[in-house]
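Residue strings, one per chain:
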Amino acid sequence: MQTSDEHAALQAKVRALLAPLVAEDELTFASELTQLYASDVFYTGRLPAGILRPRSIATMARAIRAATEAGLAVAARGGGLSYSSGYVSPDRHMLLIDTQRLAAISDIDVSSGAVTVEAGCTWAALHERLTPQNWRTPFWGTSSGRDSTIGGTLSQNAVLYGSGRHGTIGDNVAE
């Protein structure tokens, strides 16, 4: 188990590695956030080595590449509503990627039945955008609530609203 001094040294390493690659407001080591992000609904794990809150997929890709090449573990977090410790590690301080800023809905094609969203898009935001067309996706969310993200749902291959007829969330994703 690492001491608080070892965790602080790891945070300094992450800061030195990523600060040149991301905007100042995209990388945080704030104590209140690292405490919060070390847990989900039922589990608590190690404090994150840092929290990346990217505003673009390009920024996220640069940071993940640098972190993994430096040997850091990386995990993604959506709305923080996992019931299975999906982004919480009991034994490693990871770089945690908070995807909530990656929330764009870039395409809605009712004729083909396809929507294109970023990982941080919430089910509530997608529902709001589809309602004027009187349309919804076959799988339409989890019981985690309005702030549950589509990326988080995919990372868990969730089963819930719409699953009885349309399968898991993974069954509803096109390449």
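Keep in mind that what you see is a predicted model, and the values were worked out from it rather than measured.

This paragraph deals with the overall build of the chain. Scanning the chain from terminus to terminus reveals six helices and six strands. Its helices and strands in sequence order give the chain the pattern α-β-α-β-α-β-β-β-β-α-α-α, from N to C terminus. The C-alpha atoms of the chain give 17 Å as radius of gyration, which agrees with the globular expectation for 175 residues (16 Å, within 12%). Considered along the principal axes of its C-alpha atoms, the chain spans approximately 55 × 30 × 25 Å. Here the chain holds 175 residues, and 39% of them are scored as buried. Split by element, the accessible area of the chain, about 9700 Å² in all, is 51% carbon and sulfur. One finds the centroid of the 14 positive side-chain charges in the chain at a distance of 1 Å from the centroid of its 17 negative side-chain charges.

Attention now goes to the pairing of strand 6 (residues 114–117). Pairing between strand 5 (residues 105–109) and strand 6: four bridges, direction antiparallel. Looking at the pairing, Asp 107 lines up with Thr 116 of strand 6.

Residues Val 41, Phe 42 and Tyr 43 make up a contiguous nonpolar surface patch of about 310 Å² in total accessible area. On the secondary structure map, Phe 42 appears in the loop between helix 2 (31–37) and strand 2 (50–52). The class for Phe 42 is exposed, based on a relative accessible area of 60%.

This paragraph deals with the nonpolar core. One broad trend across soluble globular proteins is that nonpolar side chains are buried collectively. Counting 16 residues, the largest nonpolar core has Val 14, Leu 18, Leu 52 and Leu 95 as its most contacted members. Sequence-distant contacts of Val 14, defined by excluding residues within four places in its chain, comprise Ala 19, Leu 27, Phe 29, Ala 49, Leu 72 and Leu 95. Counting residues in each nonpolar core, the second largest holds nine residues, with Ile 105, Cys 121, Leu 126 and Ile 150 among its members.

This structure, assessed with the given rule, holds three salt bridges. In this structure, the salt-bridge partner of Arg 55 is Asp 25, at a minimum N-O distance of 2.7 Å. Taken together, the residues span a long stretch of sequence, with Arg 55 in the loop between strand 2 and helix 3 (57–69) and Asp 25 in the loop between helix 1 (4–18) and strand 1 (27–28) at a distance of 30 residues. Measuring nitrogen to oxygen at the nearest pair gives 3.8 Å for the salt bridge that ties Arg 101 to Asp 25. Of this pair, Arg 101 sits in the loop between strand 4 (95–98) and strand 5 while Asp 25 is found in the loop between helix 1 and strand 1, placing the two residues 76 residues apart along the sequence. A cluster of three or more residues bridged by salt bridges with shared partners is formed by Asp 25, Arg 55 and Arg 101.

With 95% of its residues at a pLDDT of at least 70, the chain reaches an overall mean of 87. For the chain, per-element mean pLDDT is lowest for helix 6 (residues 163–166), which scores 78, and highest for strand 1, which scores 98.

Examined against the element boundaries, Ser 89 turns out to sit in the loop between strand 3 (74–77) and strand 4. In this structure the C-alpha to C-alpha distance between Ser 89 and Gly 79, which are 10 residues apart in sequence, comes to 17 Å. Once residues within four sequence positions are removed from consideration, Ser 89 is found in contact with Gly 45, Arg 46 and Met 94. Within polar-contact distance, the side chain of Ser 89 engages the backbone nitrogen of Arg 92 at 3.0 Å.

Calculation notes
- Residues numbered from 1 in each chain as written.
- Predicted model: local features only at pLDDT ≥ 70, side-chain atom pairs only at ≥ 80, totals over all residues.
- Heavy atoms only, no water.
- Helix = DSSP H or I, 4+ residues; strand = E, 2+ residues; numbered from the N terminus.
- Rg over C-alpha atoms; globule rule 2.2 N^0.38 Å.
- Buried < 20%, exposed > 50% of the residue type's maximum accessible area, 1.4 Å probe, protein only.
- Areas by Shrake-Rupley, 256 points an atom, 1.4 Å probe, with all protein chains shown as cover.
- Lys, Arg positive; Asp, Glu negative; His and termini not counted.
- Charge placed at Lys NZ, Arg CZ, Asp CG, Glu CD.
- Pairing = 2+ DSSP bridges.
- Patch = residues over 30% accessible without salt bridge, like charges linked within 9 Å, V, L, I, M, F, W, Y side chains within 5 Å.
- Salt bridge = Lys/Arg side-chain N within 4 Å of Asp/Glu carboxyl O.
- Core = buried A, V, L, I, M, F, W, Y, C linked by side-chain atoms within 4.5 Å.
- Contact = heavy atoms within 4.5 Å.
- pLDDT = per-residue confidence, 0-100.
- Polar contact = N/O pair within 3.5 Å; in protein donor to acceptor, adjacent residues only side chain to side chain.

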